[in-house]
Amino acid sequence: MIIDTTTVQAINSFSRLKSLNEVYGILWMLVPIFTLVLGITIGILVIVWLEREISAGIQQRIGPEYAGPFGVLQALADGTKLLFKENLFPSRGDTRLFSIGPSIAVISTLLSYSVIPFGYHFVLADLNIGVFLWIAISSIAPVGLLMSGYGSNNKYSFLGGLRAAAQSISYEIPLTLCVLSISLLSNSSSTVDIVEAQSKYGFGGWNLWRQPIGFIIFLISSLAECERLPFDLPEAEEELVAGYQTEYSGIKFGLFYVASYLNLLVSSLFVTVLYLGGWNISIPYISVPEFFDFEINKVGRVFGTTMGILITLVKTYLFLFIPITTRWTLPRLRMDQLLNLGWKFLLPISLGNLLLTTSSQLFSL
Amino acid sequence: MFLLYEYDIFWAFLIISSVIPILAFLISGLLSPIRKGPEKLSSYESGIEPMGDAWLQFRIRYYMFALVFVVFDVETVFLYPWAMSFDVLGVPVFIEALIFVLILIVGLVYAWRKGALEWS
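Given the structure is predicted, the values throughout are model-derived calculations rather than measurements. (Residues numbered from 1 in each chain as written. Chains lettered and ligands numbered in written order. Predicted model: local features only at pLDDT ≥ 70, side-chain atom pairs only at ≥ 80, totals over all residues. Heavy atoms only, no water.)

This brings us to the packing of helix H6 (residues 155-170) of chain A against helix H3 (residues 60-84) of chain B. At a closest axis distance of 10 Å, the pairing of H6(A) and H3(B) adopts a crossing angle of 25°. In terms of axis orientation, H6(A) runs roughly parallel to H3(B). For the crossing formed where H6(A) meets H3(B), the hand is left-handed. For the pair formed by H6(A) and H3(B), the contact residues are A:Leu159, A:Leu162, A:Arg163, A:Ile169 and A:Ser170 on the first element and B:Tyr62, B:Phe65, B:Ala66 and B:Phe69 on the second. (Axes fitted to C-alpha atoms, helices over the stretch in contact; angles between N-to-C directions. Helix = DSSP H or I, 4+ residues; strand = E, 2+ residues; numbered from the N terminus. Parallel < 35°, antiparallel > 145°, perpendicular 65-115°, else oblique. Left-handed = near helix turned anticlockwise from the far one by under 90°. Contact = heavy atoms within 4.5 Å.)

Below is the structure:
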């Protein structure tokens with residue numbers, strides 16, 4: 001009898017462990033996702049603050065200083081204000097398209113964060129297709145713009161949405177071809193592999209030196225994708241009071257605002273990962289003391305991962321100075337100049353860059 | 001698709017990031033005031049009364065850009081597998097891929113000369 005009860009108890013405890021295992025598995029998946037979302041939120045706060053401070057510095061005025069210490073919580077204050085504003089639906093506008101448009105813009109940009117590595121095993125989804133996932137999902141964003149323009153029941157919003165979508169798709173192809181050249185150099189699309197391939201010679205191993213033309217094309221194309229100056233014709237049309245964001249108020253407008261900064265942050269993170277060496281220290285031939293030798297003890301691993309995250313973020317935010325100062329330096333491009341630049345200048349050059357890269361890889365084989 | 005376990009976390013991320021705009025709309029629906037008025041519901045047209053219907057015929061040039069985009073996007077999708085296995089494929093495959101890209105460059109030049117890329 002005693003043996004029976006102990007075996008029954010053992011079987012019971014095994015079954016409880018199994019269901020706990022599944023719950024544990026689901027929780028283990030949710031914790032990184034929430035950590036990443038929290039990290040992205042803080043990153044957006046920092047990027048908004050940085051943009052406002054740099055813009056203020058360039059324009060010789062003081063930036064935000066009231067919301068939080070040094071004005072750091074300004075983005076949070078703006079978002080909270082927008083939450084309290086009235087959500088206007090245009091009459092006879094398509095309600096579903098009107099709401100789904102900004103949501104798609106946010107979701108497609110947010111999904112690209114899952115392939116960005118902050119350390120060797122510190123990426124949300126180490127997929128084989130890596131950067132291609134970003135390229136593919138960011139192509140969904142123009143659909144959101146078209147939905148917003150069409151669902152607003154406004155001629156000018158409709159035209160603005162079409163123009164914004166035309167701009168967005170025109171710069172996708174040079175972007176894709178540049179990323180293709182990088183994948184060719186690293187023989188893999190996985191972002192972890194691309195960063196690992198840049199880790200050999202420290203500072204000199206960056207893809208920036210192996211793909212200088214590709215870097216410039218990537219810079220221009222990602223600025224155009226994010227609709228930032230000098231390519232912010234959709235936003236400028238809004239200053240002229242037209243464009244796909246005209247009929248939006250309240251939090252839907254806030255979603256467009258957030259989507260714009262999310263796009264900027266993910267583009268800068270990808271510049272760091274693809275061209276600037278990712279999480280490596282990049283000081284050549286640095287020798288770490290034995291205590292910090294990674295993989296051996298737990299403290300070393302934690303230290304290594306923290307250093308990786310810090311280095312990625314430092315590189316990204318130092319790079320961000322370039323788009324932000326470009327915004328206040330260069331004049332805005334007209335629509336036909338913009339499309340000419342995308343199709344007639346960047347596309348042939350990026351194709352040439354691809355062929356150059358493949359030829360040089362052939363010679364080194 | 002459910003056998004690709006490495007995408008599990010991607011699906012979970014997709015669901016959670018879809019929840020974020022829904023959450024924003026819900027909170028805003030609770031907190032924001034609703035004071036309807038006839039002027040608020042009319043669409044914006046630089047301060048004047050909106051004239052005509054909102055859905056107008058759009059020019060053909062938007063379609064031309066989208067068409068050329070589709071052609072070149074499919075080309076890049078086909079180039080990705082070639083670039084991934086580039087080191088094991090060697091020179092003959094490079095020549096073939098070069099011919100593929102050259103055919104599409106001929107297509108680009110044709111579209112350029114025919115005026116499909118003009119915004120006029």
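Anyway, onward from the coordinates.
This paragraph deals with the pattern of salt bridges. When their charged atoms lie close together, side chains carrying opposite charge are able to pair. Residues and elements named next belong to chain A. Evaluated as defined, the whole model comprises four salt bridges over all chains. For Arg-52, the salt bridge is made with Asp-78, and the minimal N-O distance between the two is 3.3 Å. Taken together, the residues Arg-52 in helix H1 (residues 2-58) and Asp-78 in helix H2 (residues 74-83) connect sequence positions 26 residues apart. We note a salt bridge from Asp-336 to Arg-334, for which the minimum N-O separation is 2.9 Å. The exposure class of Asp-336 is partly exposed, given its relative accessible area of 25%. Using a relative accessible area of 49% as the deciding quantity, one classes Arg-334 as partly exposed. (Salt bridge = Lys/Arg side-chain N within 4 Å of Asp/Glu carboxyl O. Buried < 20%, exposed > 50% of the residue type's maximum accessible area, 1.4 Å probe, protein only.)

This part takes up the UniProt feature "transmembrane region" (unreviewed entry) in chain B. Those places that UniProt annotates as "transmembrane region" (unreviewed entry) correspond, in this numbering, to residues 12-31, 62-83 and 89-112 of chain B. Strand forms 0% of residues 12-31 of chain B and helix 100%; the C-alpha atoms that close the span are 29 Å apart. (UniProt positions renumbered as here; feature names shortened; annotations may be inferred.)

Attention now moves to the confidence of the model for chain A. On average, residues of chain A score 85 in pLDDT, and 92% of them are at 70 or above. The least confident element of chain A is helix H11 (residues 233-239) of chain A, whose mean pLDDT is 66; the most confident is helix H10 (residues 212-225) of chain A, at 93. (pLDDT = per-residue confidence, 0-100.)

On to the UniProt feature "transmembrane region" (unreviewed entry) in chain A. Residues and elements named next belong to chain A. UniProt tags residues 26-50, 97-116, 122-147, 255-282, 302-324 and 345-363 as "transmembrane region" (unreviewed entry). Across residues 26-50, helical content stands at 100% and strand content at 0%; the span's end C-alpha atoms are separated by 36 Å. Secondary structure within residues 97-116 divides into 75% helix and 0% strand; the distance between the first and last C-alpha atoms comes to 30 Å.

What follows concerns the interface of chain A and chain B. On the side of chain B, 62 residues touch chain A, which itself brings 76 residues to the contact. For the chain A face of the interface with chain B, the top three residues by lost area are A:Lys155, A:Trp343 and A:Lys344, together amounting to 10%. The interface formed by chain A and chain B holds one salt bridge in total. Across the pair B:Glu118 and A:Lys344 runs a salt bridge, and its minimum N-O distance is 2.6 Å. Elements represented by at least two residues in the side of chain A that touches chain B include exactly H1, helix H3 (95-111), helix H4 (131-138), H6, helix H7 (172-186), helix H12 (250-275) and helix H14 (335-363) of chain A. When residues of the side of chain A that touches chain B are assigned to their parent elements, the largest contribution, 15 residues, is made by H14(A). Of the residues belonging to the side of chain A that touches chain B, the class tally is 46 nonpolar, 19 polar and 11 charged. (Buried area = accessible area lost by both parts, 1.4 Å probe. Nonpolar A, V, L, I, M, F, W, Y, C, P; charged D, E, K, R; others polar.)

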